[in-house]
Amino acid sequence: MDDGDVYGLIREEGFRRLVAAFYAQVPDDDVLGPMYPRDDLAGAEERLCLFLIGRFGGPPTYMERRGHPRLRMRHAPFRLDQAARDRWVQLMDRALDEAALPDEAVQVLRPFFHEVATFLRNT
C-alpha cells in the first residue's frame, strides 16, 4: 500500500479515532504533557488530524488553512530530545493499537511516525 492509499482505506473517521487516542494520553504524560498548552489541546488534535489526512491521500484542508507543514520550524520552540521522541512514538504506537485500524494502514503509518519523530529531534 502506498502512502496516498491510506486515506481511502481508513477515511477521516479512522484518522480522527487515531489522533483522539493519541491526544487522550497527552495531558497526563510527564514528558509530553507540559509541551502542549491545555487550552489548545483540541486545536493541536485538529491540526494533527488534518495534516495526516492530507499527507495520506485525503483532502488538502491542512495546506489550505495553514500552508506548508514546515514541521521542523513549527516544532523548533520545543526541546525535542531522544526521550521526547521515544515517548511520542510510544504514545502513538499505543494509539495505533487502540484505534484498531486495518493492518495495511498501520504498516504505512507506524514507520512514518517513527521516522518523523526522529527527524524532529532538535536536541
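Look a little higher up for the structure.
Analysis parameters
Residues numbered from 1 in each chain as written. Predicted model: local features only at pLDDT ≥ 70, side-chain atom pairs only at ≥ 80, totals over all residues. Heavy atoms only, no water. Helix = DSSP H or I, 4+ residues; strand = E, 2+ residues; numbered from the N terminus. Expected span 1.5 Å × (residues − 1). Buried < 20%, exposed > 50% of the residue type's maximum accessible area, 1.4 Å probe, protein only. Contact = heavy atoms within 4.5 Å. Core = buried A, V, L, I, M, F, W, Y, C linked by side-chain atoms within 4.5 Å. Axes fitted to C-alpha atoms, helices over the stretch in contact; angles between N-to-C directions. Parallel < 35°, antiparallel > 145°, perpendicular 65-115°, else oblique. Left-handed = near helix turned anticlockwise from the far one by under 90°. Nonpolar A, V, L, I, M, F, W, Y, C, P; charged D, E, K, R; others polar. Polar contact = N/O pair within 3.5 Å; in protein donor to acceptor, adjacent residues only side chain to side chain. Phe/Tyr/Trp six-rings, centres within 6.5 Å; stacked < 30°, edge-to-face > 60°. Lys NZ or Arg CZ within 6 Å of the ring centre and 35° of its normal.

J.: So, unusual backbone geometry: which residues are in play, and what are the values?
T.: It is generally the case that most residues other than glycine have a negative phi and that most peptide bonds are trans. One non-glycine residue, Arg11, lies in positive phi territory at about 60 degrees. Within the fold, Arg11 resides in helix α1 (residues 6–23). Phi at Ala100 is positive, roughly 50 degrees, even though this residue is not glycine. Within the secondary structure, Ala100 sits in the loop between α5 (82–99) and α6 (103–119).

J.: Give a detailed account of helix α2 (residues 41–55), specifying residues and quantitative values.
T.: Between its first and last C-alpha atoms α2 spans 21 Å; for 15 residues at 1.5 Å apiece the expected length is 21 Å, and the two agree. Listed as buried for α2 are Leu41, Gly43, Ala44, Leu48, Cys49, Leu50, Phe51, Leu52 and Ile53. At its buried positions, α2 is contacted by α1, α3 (61–66), α4 (71–75), α5 and α6. Gly57 occupies a position one or two residues after α2 and carries a positive phi of about 105 degrees.

J.: With reference to specific residues and values, describe the nonpolar core.
T.: Core analysis: the largest hydrophobic core is formed by 41 residues, its most contacted members being Phe15, Phe22 and Leu109. Of all the secondary structure elements, the ones that give two or more residues to this core are α1, α2, α5 and α6. Counting residues per element, this core draws most heavily on α1, which supplies 9 residues. Those residues within four positions of Phe15 in sequence are excluded, and the remaining contacts are Val6, Tyr7, Ile10, Cys49, Leu52, Ile53, Phe56 and Leu109.

J.: Please provide a residue-by-residue account of the packing of α1 against α2, values included.
T.: Two elements in contact, α1 and α2, have axes whose closest approach is 9 Å; the angle formed by their N-to-C orientations is 155 degrees. When the interaxial angle is binned, α1 and α2 end up roughly antiparallel. Our pair here, α1 against α2, has a crossing hand that is right-handed. From α1, Tyr7, Glu12, Phe15, Arg16, Val19, Ala20, Phe22 and Tyr23 reach across to α2, where they touch Leu41, Ala44, Glu45, Glu46, Leu48, Cys49, Leu50, Leu52 and Ile53. Looking at side-chain class alone, the contact of α1 with α2 contains 13 nonpolar, no polar and 4 charged residues.

J.: How would you explain the side chain of Asp29 if you had to name every residue and give the values?
T.: Among the secondary structure elements, Asp29 is positioned in the loop between α1 and α2. On the basis of relative accessibility, which here comes to 10%, the residue Asp29 falls in the buried class. Here the side chain of Asp29 touches Val31 through a polar contact of 3.0 Å, landing on its backbone nitrogen. Setting aside its immediate chain neighbours within four residues, Asp29 contacts Pro34, Arg87 and Leu91.

J.: With reference to specific residues and values, describe the packing of aromatic side chains.
T.: On inspection of all chains with the given rule, the structure shows 9 aromatic pairs. For the ring pair Phe51 and Tyr62, a centre distance of 5.8 Å and an interplane angle of 75 degrees mean the geometry is edge-to-face. A residue pair is termed long-range when its members are at least 10 positions apart, and Phe51 in helix α2 and Tyr62 in helix α3 qualify at 11 residues. Tyr62 matches Phe51 in its accessibility class, with the two residues each being buried. Through a chain of ring-to-ring contacts, three or more aromatic side chains come together here, namely Tyr7, Phe15, Phe22, Tyr23, Tyr36, Phe56, Trp88, Phe112 and Phe113. The cationic tip of Arg55 hangs over the ring face of Phe56; the distance from NZ or CZ to the ring centre is 4.9 Å.

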